[in-house]
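Chain residues, written in single-letter form:
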Amino acid sequence: MNSPNRGEESPKEEPDRDKDAAEESESKRLLPSQSPSLSSDDENEVAFESREKVVIVDLETPESILNVDYVPPFSWKKLWLFTGPGFLMSIAFLDPGNLEGDLQAGAIAGYSLLWLLMWATVMGLLIQLLSARVGVATGRHLAELCREEYPTWARLVLWFMAELALIGADIQEVIGSAIAIQILSNGALPLWAGVLITASDCFVFLFLENYGVRKLEAVFAVLIATMALAFAWMFGDTKPNGKELLIGILVPRLGSKTIRQAVGVVGCVIMPHNVFLHSALVQSRDIDPKKRGRVQEALNYYTIESSVALLVSFMINLFVTTVFAKGFYGTKQANNIGLVNAGQYLEEKYGGGLFPILYIWGIGLLAAGQSSTITGTYAGQFIMGGFLNLRLKKWLRALITRSFAIVPTIVVALVFNTSEASLDILNEWLNVLQSIQIPFALIPLLTLVSKGHVMGVFRIGPTLEKLAWTVAALVIVINGYLLLDFFVSEVKGLLFGLFICIWTAAYIAFIVYLISRGGALPSTWFSIELSKRFSANGT
């Protein structure tokens, strides 16, 4: 008896079903990368579980809810809800390695490299916004996408390189924290003890994470505010020359004697693990990736938030550079200042005062070291989980990630704690280690953010693609110069030189593979122009 009724209803329902099927097909075509991540949370590693995400509260009309392209108007309340991931990302611009680059640039080059610091921060912002774009538009972070994009052997090489970069950064951050603890304890605690104390931040991180993402972000806000206050206090105490500061920002200057510091300023900006980290952090907000308007809204807010965060980081770096430019530029101590002895030099130069500048420096350095080691632990979770698809409990993954860095750091602290010179040599090698890894974060990022089948309608356009590749090429070339300069001065002996040559050949071959594998370079940049020239020559 029911069959006739169904037969009568089916002609009326058929057009609606066809329309729904067409809309679903179009949605999948535009954002094909969303369906796997949404349907396989139980099978695949995810950056944040649904219950962990911050819910973006909104009052909407029924019409706007149904419209997938609807972008809600700007709201300060929403901006506040989206604020957090960009500030966690900005910690990498303020880690002890960056602070050492700042103080050396100020002591050796004076105010002359401030313009480069500003533009390097702008370049870093562009790369980080692309990282955020990948995370929001696809619902997956960069390590997860690399796992799907590349064959197993290439994926494992990329994972190994990302882990090396993370370990190198973490050693610098932990050593920086240990130096700060040594300063604040008035030398009572040796470097290795500071390393062990810093290692405990893993447990602090796990404790805070249990209370939610917003609580963790609040702790980082306090640490960044501590850095800003400490270094601003130093800036006010030392009273750098305002006119020289303004000229340094607005007028590009670069001398032959400051080229190495210039390379260091740019090289410190792009941190490989930070590129992976930001693409995961933006997923801490509950955004429906099927609604294109909501994705665009999130990208708008993250752009504002990240820009403000990196403006704050630029100001902090500016404070450090100008303090050392005012105190040590043109002095005999300029070429000998490093992270270990910087506080002592400041104390000798500016004296004690109401609150000794040595301890102000120590507080700022401790805040930088502690915040960056915790974000390093965070990044390690995403890198390991994404590349290897590990469904481990977060406490276990954090413990494993922390051990990767802490064990070699303790060894390093014991071996290199003999003199300040040995720690400076260590820092140079660690900078080289991280510089080597930069292409293995930038090339996959720019490859994926340009692919339509990955990004859908949110793939970047030709102009932005050219700009991004120009920035990436500039950063890679600058770091290549740093590597060449370092190896020429440090590599001695035929056997070691032969090893470096073989390794360099393999390194370049893998970079070429990554570029060719993904068709990474913008087709409108080179290939079309070359084809025109060849066709012109043929005619």
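Treat the numbers as computed from the prediction; the structure is a model and nothing was measured. (Residues numbered from 1 in each chain as written. Predicted model: local features only at pLDDT ≥ 70, side-chain atom pairs only at ≥ 80, totals over all residues. Heavy atoms only, no water.)

A. Seen up close, the overall build of the protein chain. A tally of helices and strands in the protein chain yields 25 helices and two strands. When burial is assessed residue by residue, the protein chain has 52% of its 539 residues classed as buried. Only carbon and sulfur atoms are counted for the fraction: they give 65% of the accessible area of the protein chain, which is about 24200 Å². (Helix = DSSP H or I, 4+ residues; strand = E, 2+ residues; numbered from the N terminus. Buried < 20%, exposed > 50% of the residue type's maximum accessible area, 1.4 Å probe, protein only. Areas by Shrake-Rupley, 256 points an atom, 1.4 Å probe, with all protein chains shown as cover.)

B. Structural context of the pattern of salt bridges. One pass over the full model with this rule turns up six salt bridges. In this structure, Arg285 engages Glu217 in a salt bridge whose closest nitrogen and oxygen atoms are separated by 2.8 Å. On the criterion of sequence distance, the pair formed by Arg285 in strand β2 (residues 285–286) and Glu217 in helix α12 (residues 213–238) is long-range, its members being 68 residues apart. Judged by its relative accessible area of 2%, Arg285 is buried. Put simply, Glu297 and Arg294 hold a salt bridge, and the shortest N to O gap is 3.9 Å. A residue pair is termed a helical-turn pair when its members lie 3 or 4 positions apart in one helix, as Glu297 and Arg294 do in helix α16 (residues 292–328) at three residues. The class for Arg294 is buried, based on a relative accessible area of 15%. (Salt bridge = Lys/Arg side-chain N within 4 Å of Asp/Glu carboxyl O.)

C. Structural view of the nonpolar core. Counting residues in each nonpolar core, the largest one holds 86 residues, and the members touching the most others are Val136, Ile270, Phe276, Phe387, Phe440, Leu445 and Leu514. It is helix α7 (residues 114–138) that provides the largest number of residues to this core, a total of 14 residues. The residues contacting Leu445, other than those within four sequence positions of it, are Ile127, Leu130, Ser131, Val134, Leu142 and Val275. Counting residues in hydrophobic clusters, the runner-up holds 60 residues, among them Leu223, Ala334, Ala367 and Ala398. (Core = buried A, V, L, I, M, F, W, Y, C linked by side-chain atoms within 4.5 Å. Contact = heavy atoms within 4.5 Å.)

D. Broad picture of the confidence of the model for the protein chain. Taken over all residues, the pLDDT of the protein chain has a mean of 80, while the share at 70 or more is 82%. Throughout residues 523–534 the model reports pLDDT below 50, and contacts reaching past four residues in sequence, or to other chains, amount to seven contacts. (pLDDT = per-residue confidence, 0-100.)

E. Molecular detail of α7. Counted at 1.5 Å a residue, the expected span for α7 with its 25 residues is 36 Å, and the 36 Å between its end C-alpha atoms agrees. When you tally the buried positions in α7, you get 20 out of 25 residues, the bulk of the element. Phi for Gly139, located one or two positions after α7, is positive at around 75°. (Expected span 1.5 Å × (residues − 1).)

F. Examining the packing of α7 against helix α15 (residues 272–281) more closely. Relative to each other, α7 and α15 sit at 40°, their axes nearing to 7 Å. Regarding the angle of α7 to α15, the classification is oblique. In this structure, the crossing between α7 and α15 has a hand that is right-handed. For the pair formed by α7 and α15, the contact residues are Ile127, Gln128, Ser131, Ala132 and Gly135 on the first element and Asn274, Val275, His278 and Ser279 on the second. Classifying every residue of the contact of α7 with α15 by side-chain character gives three nonpolar, six polar and no charged. (Axes fitted to C-alpha atoms, helices over the stretch in contact; angles between N-to-C directions. Parallel < 35°, antiparallel > 145°, perpendicular 65-115°, else oblique. Left-handed = near helix turned anticlockwise from the far one by under 90°. Nonpolar A, V, L, I, M, F, W, Y, C, P; charged D, E, K, R; others polar.)

G. Summary view of the packing of helix α6 (residues 96–109) against helix α18 (residues 357–388). Running from N to C, α6 and α18 cross one another at 140°; their axes reach a closest spacing of 9 Å. Between α6 and α18, the angle is such that the two are oblique. Note on element contacts: α18 touches α6 through Trp361, Leu365, Ala368, Gly369 and Ser372, opposite Pro96, Leu99 and Leu103. A per-class count over the contact of α6 with α18 returns six nonpolar, two polar and no charged.

H. Quick peek at the packing of aromatic side chains. Applying the stated criterion across every chain yields a total of 17 aromatic pairs. Ring centres 4.9 Å apart and planes at 45° place the aromatic pair Trp153 and Tyr513 in the tilted group. Here Trp153, found in helix α9 (residues 152–184), pairs with Tyr513, found in helix α24 (residues 494–518); they are 360 residues apart in sequence, far enough to count as distant. Put simply, the rings of Trp153, Phe440, Trp503, Tyr507, Phe510 and Tyr513 touch in pairs and so form one group of aromatic residues. Sitting above the plane of the Trp80 ring, Arg214 keeps its charged end 5.3 Å from the centroid. (Phe/Tyr/Trp six-rings, centres within 6.5 Å; stacked < 30°, edge-to-face > 60°. Lys NZ or Arg CZ within 6 Å of the ring centre and 35° of its normal.)

I. Layout of the side chain of Thr322. Looking at the element boundaries, Thr322 is found in helix α16. By relative accessible area, Thr322 is classed as buried at 0%. Residue contacts for Thr322: discarding those within four places in its chain leaves Tyr111, Leu114, Phe235, Pro240 and Leu245.

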